[in-house]
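What follows is each chain in one-letter form.
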Amino acid sequence: MNIPLNKPFLGKEEEERVLEVIKSGNLLLGNKVEEFEKNFASYLGMRQVIGTSSGTSALYCVLKSNGIGNGDEVITTPLSFIATANSILHVGAKPVFTDINEETYNIDPDLIEKKITKKTKAILPVSLYGQPCNMDRLSEIAAKHNLILIEDAAQSHGSEFKGKKTGAWTTSSVFSFDPTKNLATCGGGAVVTNDEKVVEISKMLRIHGAKIKGQHDILGFNFKMNDIAAAIGIEQLKKLNIIVDKKIKTAQFYTKSFSDLNWIITPKVQANSKHSFHKYTIRIVGKNREEVIKKLNDAGVGTGIFYNKPIHKQKLYLDLGYKDNLPVVEKIIDQVLSLPIHPNLKKEDLDYISEIMHSIK
Ligand SMILES: *Cc1c(COP(=O)(O)O)cnc(C)c1O
C-alpha cells in the first residue's frame, strides 16, 4: 500500500481549463484570474477577491492595506503555518501570541483581552485544520476594543460558523490555494474584502505599487496570480462542496473507528460549526508518537505533523527575544498527528488505515 498524506483532487475539467490558458497565451493576471476572482467572491458573498501569488503574499497585502505597520501589535495564534505570524513581521508590526483552546486548537478568545495594549491594532485568528474560529466572540472582542479583525482562512475553504462561511465574517480575510489546501491549485492566494480601500491598495501592492501602468506610487512587490492556477481554481471551486463532503465523511469514519483506542484524542467539532477537515489531526496521548508514525509509514501510510513547534519557539522568534510561556500549545504540540484525508481515498484505504491503527500495540 502507498497512501500519501495529501493528493489534490484533480480531473479532466482542470486539465481542459489549463489547456485553454496555454492556447490563449494569457498566463499572468489574465482573464482566468478575473473569472476566478469573480466566482470566489460570489461563492463567499463578499464584494471583492484579489488573486495573489500565494497565501503569504495575500496576508502581506491584507495587513498593509489595513494600515498595519511599524509600532503596531497584532494578536495571533502560536499554532499555525509560520506565514501567519511572519506576515505581521513583514509589515513591520509585532505578533503577540495568545494560547489556544485545547478542544478547538484555535486561539482562545478567553485569553485575548489580557494581551490587548495601547499598541494593539488587530487580531489575526486562524481557523486551523478547517475548524472555524468562534467568529461571534472574536467579532465582539474586536468591536469592544476597536480592533481590526482579519481571518486567516487559508485552511478553511468550505467551513462555516453559524451557517456563514469562514472568510466571510470579517471585512477582510485571506485564503491560500496551495496544492495541499481544500481548494488546490499550483500555488496562489487571495485577499477577500468588502472594503474599497483594501481592494485598491492590495491591487497596487500586487504590481509594484502601480495603479496606472508605469506609475509607481507606493512600494510594492510582484504578487500576481497566474492563470494556470486560476484555471485550476475555477474548476476546484465547482468541486469544493464534493471535496469537503468527502473529507467530512472520512473524518466521521476515522472518529468512529478510533473510538475504542484509548491512546488517541480525536478532533472535536464545535457547536454551530461546519468543520471542513483541511486536516484530520489526532493527538497521541498514551503511546510514543514516533513509534506510531513509524508503524504507519512502514505500512505505507503517509502522516504529517502540524506543526513541529509552536511559532514562538521557532529559532526566528527566539532570536527576536520571544519568551512566551503558552502551556496549552506547548503540551499538545508533541501529541498532534495528521492522517490522510484527501478525497481520493477509497473505502479500502480507510479500512486499511483503521486496521494498522488497531494493530499498534
Ligand atoms: C498555507 C497557509 C498560509 C500560507 O499560504 P501559502 O499559499 O503557502 O503562502 C497562511 N496561513 C495558513 C494558516 C496556512 O495554512
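Conventions adopted
Residues numbered from 1 in each chain as written. Predicted model: local features only at pLDDT ≥ 70, side-chain atom pairs only at ≥ 80, totals over all residues. Heavy atoms only, no water. Pairing = 2+ DSSP bridges. Helix = DSSP H or I, 4+ residues; strand = E, 2+ residues; numbered from the N terminus. Axes fitted to C-alpha atoms, helices over the stretch in contact; angles between N-to-C directions. Contact = heavy atoms within 4.5 Å. Disulfide = S-S within 2.5 Å. Buried < 20%, exposed > 50% of the residue type's maximum accessible area, 1.4 Å probe, protein only. Polar contact = N/O pair within 3.5 Å; in protein donor to acceptor, adjacent residues only side chain to side chain. Salt bridge = Lys/Arg side-chain N within 4 Å of Asp/Glu carboxyl O. Near = heavy atom within 4 Å. Areas by Shrake-Rupley, 256 points an atom, 1.4 Å probe, with all protein chains shown as cover. Nonpolar A, V, L, I, M, F, W, Y, C, P; charged D, E, K, R; others polar. Right-handed = clockwise from strand over helix to strand, strands pointing away. Parallel < 35°, antiparallel > 145°, perpendicular 65-115°, else oblique. Left-handed = near helix turned anticlockwise from the far one by under 90°.

Asks: Could you give an account of the sheet that holds strand β1 (residues 48-52), naming the residues involved and the relevant values?
Replies: Across the sheet, which stays open at both edges, the 7 strands sit in the order β1-β9-β8-β5-β4-β2-β3 with mixed pairing between neighbours. Looking along the sheet, the strands with just one partner apiece sit at the ends: β1 and β3 (94-97). For this sheet the average axis-to-axis angle between neighbouring strands, irrespective of direction, equals 25 degrees. Of the strand pairs in this sheet, strand β8 (residues 172-176) and strand β9 (residues 189-193) are connected by 5 bridges, and their pairing is antiparallel. Opposite Ser172, over in β9, you have Thr193 as the bridge partner. Relative to the sheet, helix α3 (residues 55-65) contacts β1, β4 (120-124), β5 (148-152), β8 and β9, its axis offset from that of β8 by approximately 170 degrees.

Asks: So what's going on with the sheet that holds strand β15 (residues 336-339)? Which residues, and what values?
Replies: With antiparallel pairing, the 3 strands of this open sheet are ordered in space as β12-β14-β15. Either end of the sheet is taken by a strand with one partner, and the two such strands are β12 (264-265) and β15. Across 2 bridges, the pairing between β12 and strand β14 (residues 280-284) is antiparallel. Counterpart to Ile264 in the pairing with β14 is Ile284.

Asks: Describe in detail the state of the cysteines, supporting the description with residues and values.
Replies: For the structure on display, the rule yields 0 disulfides. Of the cysteine sulfurs around Cys186, a residue in no disulfide, the closest is that of Cys61, at 18 Å. Take Cys186: its relative accessible area is 47%, and that puts it in the partly exposed class.

Asks: An account of the environment of Thr185 is requested, with residue identities and associated values reported.
Replies: When you line up the elements, Thr185 lands in the loop between β8 and β9. Between the C-alpha atom of Thr185 and that of Asn308, which follows or precedes it by 123 residues, the distance is 25 Å. At 2.7 Å, the side chain of Thr185 and the backbone oxygen of Phe177 are in polar contact. Within the structure, Thr185 has its side chain in polar contact with the backbone nitrogen of Gly187 (distance 3.0 Å).

Asks: Please provide a residue-by-residue account of the side chain of Ser156, values included.
Replies: Looking at where Ser156 falls in the secondary structure, it is placed in the loop between β5 and β6 (160-161). What makes Ser156 buried here is its relative accessible area of 0%. When near neighbours in sequence (up to four residues on either side) are disregarded, Ser156 contacts Ser127, Gly130, Glu151, Thr166, Phe175 and Ser276.

Asks: Go over the pattern of salt bridges with me, naming the residues and quoting the values.
Replies: Under the counting rule described, the total for this entry stands at 19 salt bridges. For Glu113, the salt bridge goes to Lys144, with nearest N and O atoms at 3.0 Å. Taken as a pair, Glu113 in the loop between α5 (109-112) and β4 and Lys144 in helix α6 (residues 135-144) lie far apart in primary sequence, 31 residues in all. Look at Glu113 and you get partly exposed, because its relative accessible area is 33%. On the basis of relative accessibility, which here comes to 62%, the residue Lys144 falls in the exposed class.

Asks: Tell me about the site of the ligand, and name the residues and values.
Replies: Near the ligand, the surroundings consist of 15 residues, among which Gly55, Thr56, Asp152, Ser176 and Lys181 are the closest. Interatomic distance of 2.8 Å between a side-chain N/O atom of Asp152 and a nitrogen atom of the ligand. Within the side chain of Lys181, a nitrogen or oxygen atom sits 3.0 Å from an oxygen atom of the ligand. When isolated, the ligand has an accessible area of 380 Å², and the protein chains bury 91% of it. The set of elements that each furnish at least two residues to the shell around the ligand consists of α3 and α4 (83-90). At 3 residues, the largest contribution of residues to the shell around the ligand is made by α3. Its residues placed into classes, the shell around the ligand shows 5 nonpolar, 8 polar and 2 charged.

Asks: Which residues make up the pairing of β3, and what values go with them?
Replies: The pairing of strand β2 (residues 73-76) with β3 spans 4 bridges and is parallel. Each residue of the ladder has a partner; that of Val74, found in β3, is Pro95. For the crossover that starts at β2, traverses α4 and ends in the parallel β3, the hand is right-handed.

Asks: Residues and numbers for the packing of α3 against α4, please.
Replies: Contact pair α3 / α4: the axes reach a minimum separation of 9 Å and the direction vectors enclose 45 degrees. On the basis of their axis angle, the class for α3 and α4 is oblique. In the crossing of α3 with α4, the sense of the turn from one axis to the other is right-handed. Listed contacts from α4 to Thr56, Leu59, Tyr60 and Leu63 of α3 are Ala83, Thr84, Ser87, Ile88 and His90. Its residues assigned to classes, the contact of α3 with α4 comprises 5 nonpolar, 4 polar and no charged.

Asks: Please provide a residue-by-residue account of the environment of Leu79, values included.
Replies: Checked against the element boundaries, Leu79 lands in the loop between β2 and α4. The buried category is assigned to Leu79, whose relative accessible area is 0%. In the structure, Leu79 is positioned 179 residues away from Phe258 in sequence and 25 Å away in space, judged by C-alpha atoms.

These values are about where atoms sit, not about what they do.
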